[in-house]
Amino acid sequence: MNYVEMSTEELKKLEAELSKQYDEYKSLNLKLDMSRGKPSPAQLDLTNGMLDVITSKTSLVTESGVDCRNYGVLEGIEEARKLMGDFLGVPAENVFVCGNASLNVMYDCVANSMLFGVMGSTPWCKLKNPVKFLCPVPGYDRHFKITELLGIEMINIPMTENGPDMDMVEKLVSSDSSIKGIWCVPKYSNPQGVVYSDETVKRFAALKPAAKDFRIYWDNAYALHYIYDESIEIPEILSECAKAGNPDLVYEFCSTSKVSFAGGGISALVSSKANLEWIRKRLTIQTISYDKINQYRHVLFFKDIDGIKAHMRKHAKFLRPKFDTVLEIFDKEINGTGAGSWTKPMGGYFISFETNEGCAKEVVAKCKEAGVVLTGAGAPFPYGKDPKDSVIRIAPSYPTLDELKQAAELFTLCVKLVTVRKILSER
């Protein structure tokens, strides 16, 4: 029964029952962490064979003749560029293979734009008006931390089931030259799991920015992270931009952090030749080369894109029952109560739960008090400020199934308890 339809006496009785159950959970002294989308130990085990593909007897000279032990080849070895290009469906010539984290590459792109500008434009730090970024919300907290740290003003853009509100994006980008970028996670977005529609991708590619140094920061972090359906595809943004007459409009990023080893993978920056040449000028001062041995290790282990896809099917087998467990418990415990709604993603690492307005922070706090740590309420919004205090990011990947079941049951209990108390306080 929907809680708002219950009488005050019924709600008081329910509140007492829920409080008793909550105290019982607290007595269990749980210590579960669901705050980040970390691969489980079993998922990491899938890549242990990568540690054996290179030994002291392995030739570290690639087929293209590069000695991976030495300096040079800033853009990455040819074999790794092709592998990551195939990962995103782009030519190898448009790929720079970088270090272990795409987040670092994103930070560098924004920071270098602040210091040196974009392809000859005025450095952002020397502009009279504050620089602005568009931020689809809810979104990835670490994106927002980059722009916040660098003093960039962030503007919320509502997400729809097809991606960001493109009417709003087009209007703002075309009318305000101080808007220099937009954060995007186009496939299985963090945290909702939204897949951008074909129309949304094409509208992004056809943007007409007022600022010539505007760029789309296309973080394709979950390009192959399917859980249920491998066939979901979206248009390739680089070629769409070229077709729309905007070849330099996008910076695309990805990594193998949740494919191979978290923190031990390789990342890639994909863009036009002109953009990459501009970036190369900064990189040659910043570093001589990235870890080519690790690049070669990935090439030897995965071999090609089919090897990566087969590997991701193994990941999906571990993730699918975890997502199913959480979603089944949400359906069982929350459906019909009016206490919240949630996404049912086809891939990625997160489920987005939306409580009634004004409840998210208290739900997260109650979970923590009982031993389950969640991502902080507000984290999926710039400055950590959720206007409705309603969005909570759920990360099912790391706990065991038994731990996850316990955590999801406690979470739904906290949602119900906080919701009932809020309704009572407003009567």
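Just so you know, these numbers come straight off a predicted model, no measurement behind them.

A. Region of interest: the side chain of Thr 343. Positionally, Thr 343 belongs in the loop between strand E10 (340-342) and strand E11 (351-355). Within the structure, Thr 343 has its side chain in polar contact with the backbone oxygen of Gln 192 (distance 3.3 Å). A distance of 3.0 Å separates the side chain of Thr 343 from the backbone nitrogen of Ser 352, its partner in a polar contact. Setting aside anything within four residues of it in sequence, one finds Thr 343 in contact with Pro 191, Gln 192, Leu 327, Ile 351 and Ser 352.

B. Fine view of the pairing of strand E6 (residues 179-184). With six of its six residues buried, E6 lies for the most part within the structure. Where strand E3 (residues 132-137) meets E6, three bridges bridge the pair, whose relative direction is parallel. Across the sheet, Lys 132 pairs through a bridge with Ile 179, a residue of E6. The pairing of E6 with strand E7 (residues 215-219) spans four bridges and is classified as parallel. Bridge assignment links Cys 184 to a residue of E7, and that residue is Trp 218.

C. A look at the sheet that holds E10. With antiparallel pairing, three strands are arranged side by side in an open sheet as E10-E11-E13. A strand with exactly one partner marks an edge of an open sheet, and here the two such strands are E10 and strand E13 (391-394). For this sheet the average axis-to-axis angle between neighbouring strands, irrespective of direction, equals 25°. One ladder, built from four bridges, connects E11 with E13; its direction is antiparallel. Bridged to Ile 351 within E13 is Ile 394. Most of the contacts of helix H12 (residues 360-369) go to E13, to which it runs at about 40°, and overall it touches E11 and E13.

D. How the structure looks around the side chain of Lys 292. Note that Lys 292 resides in helix H10 (residues 292-302). It turns out Lys 292 is buried and unbridged, and the closest side chain with the opposite charge, Asp 291, is 7.5 Å from it. Of the polar contacts made by the side chain of Lys 292, one reaches the backbone oxygen of Asn 70; its length is 2.5 Å. Those residues in contact with Lys 292 that lie beyond four places of it in its chain are Val 66, Asp 67, Cys 68, Asn 70, Tyr 71, Gly 72, Val 73 and Ile 77.

E. Summary view of the sheet that holds E3. Taken in spatial order, the eight strands of this open sheet run E2-E9-E8-E7-E6-E3-E4-E5, and their pairing is mixed. In this open sheet, the two strands that pair with only one neighbour each are strand E2 (95-97) and strand E5 (163-164). As judged from the four bridges shared by strand E8 (residues 250-255) and strand E9 (residues 267-270), these two strands associate in the antiparallel manner. Note on E9: the bridge partner recorded for Ser 255 is Ser 267. On top of the sheet, helix H3 (residues 78-88) reaches E2, E8 and E9; it is set at about 120° to E2, its chief contact.

F. View of the pairing of E9. Neither face of E9 is left uncovered, since the one carrying Ser 267 and Leu 269 and the one carrying Ala 268 and Val 270 both have all their residues buried. Across three bridges, E2 lies against E9 in antiparallel orientation. Counterpart to Val 97 in the pairing with E9 is Ala 268.

G. Broad picture of the pattern of salt bridges. Inspection of the entire model under this criterion finds 23 salt bridges. The residue Lys 132 makes a salt bridge to Asp 176 at a minimum N-O spacing of 2.9 Å. One end of the pair, Lys 132, is in strand E3; the other, Asp 176, is in the loop between helix H6 (166-175) and E6, and 44 residues separate them in sequence. Its salt-bridge partner being Lys 416, residue Glu 333 comes within 2.7 Å of it at the nearest N-O pair.

H. How the structure looks around the packing of helix H4 (residues 102-116) against helix H5 (residues 141-149). It is at 10 Å that the axes of H4 and H5 come closest, and there the two elements cross at 30°. Taken together, the axes of H4 and H5 are roughly parallel relative to one another. Between H4 and H5 lies a crossing whose hand is right-handed. Across the interface between the two elements, Leu 103, Met 106, Tyr 107 and Val 110 of H4 pack against Arg 142, His 143, Ile 146 and Leu 149 of H5.

I. Broad picture of the domain arrangement of the chain. Split into domains, the chain comes out as domain 1 (3-44 + 309-426) and domain 2 (64-302). The interface of domain 1 with domain 2 comprises 32 residues on the first partner and 34 residues on the second. With both chains or domains summed, domain 1 and domain 2 bury close to 2900 Å², and 63% of this area falls on carbon and sulfur atoms. Scanning the region where domain 1 abuts domain 2 turns up three salt bridges. Between Arg 36 and Asp 141 there is a salt bridge whose closest N-O contact spans 3.1 Å.

The rules behind these values
- Residues numbered from 1 in each chain as written.
- Predicted model: local features only at pLDDT ≥ 70, side-chain atom pairs only at ≥ 80, totals over all residues.
- Heavy atoms only, no water.
- Helix = DSSP H or I, 4+ residues; strand = E, 2+ residues; numbered from the N terminus.
- Polar contact = N/O pair within 3.5 Å; in protein donor to acceptor, adjacent residues only side chain to side chain.
- Contact = heavy atoms within 4.5 Å.
- Buried < 20%, exposed > 50% of the residue type's maximum accessible area, 1.4 Å probe, protein only.
- Pairing = 2+ DSSP bridges.
- Axes fitted to C-alpha atoms, helices over the stretch in contact; angles between N-to-C directions.
- Lys, Arg positive; Asp, Glu negative; His and termini not counted.
- Salt bridge = Lys/Arg side-chain N within 4 Å of Asp/Glu carboxyl O.
- Parallel < 35°, antiparallel > 145°, perpendicular 65-115°, else oblique.
- Left-handed = near helix turned anticlockwise from the far one by under 90°.
- Domains from an automatic or database assignment.
- Buried area = accessible area lost by both parts, 1.4 Å probe.

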